[in-house]
Amino acid sequence: MEKMFCPYCGQPLSDGCECERLDADEAEEVLAELEERSMRNAWQQDLIDLYRRER
């Protein structure tokens, strides 16, 4: 069974709807932000652990 309508806006796919591409781009940006945030938090946690070991 082939999709005929966009699940986001309901327009026929034959009209060239770009909702799925835009959604994929947004999801990719969110994932990149989460990865950056986790790296930033890991760096902060490393500093906290370092200070604890020095005591």
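Every value quoted in this text rests on a predicted model; they were computed, and no experiment measured them.

Draft legend 1. Structural detail: the pattern of salt bridges. For the structure shown, the criterion picks out 5 salt bridges. The partner of Arg21 in a salt bridge is Glu18, and the shortest N-O contact between them spans 2.7 Å. Judged by its relative accessible area of 45%, Arg21 is partly exposed. Given a relative accessible area of 44%, Glu18 falls into the partly exposed group. Between Asp25 and Arg21 there is a salt bridge, and its shortest N-O distance comes to 3.2 Å. Taken together, the positions of Asp25 and Arg21, both in helix H1 (residues 19-54) and 4 residues apart, correspond to about one turn of that helix. What makes Asp25 partly exposed here is its relative accessible area of 32%. One network of salt bridges, in which partners are shared, links Glu18, Arg21 and Asp25.

What counts, and where the lines are drawn
Residues numbered from 1 in each chain as written. Predicted model: local features only at pLDDT ≥ 70, side-chain atom pairs only at ≥ 80, totals over all residues. Heavy atoms only, no water. Salt bridge = Lys/Arg side-chain N within 4 Å of Asp/Glu carboxyl O. Buried < 20%, exposed > 50% of the residue type's maximum accessible area, 1.4 Å probe, protein only. Helix = DSSP H or I, 4+ residues; strand = E, 2+ residues; numbered from the N terminus.

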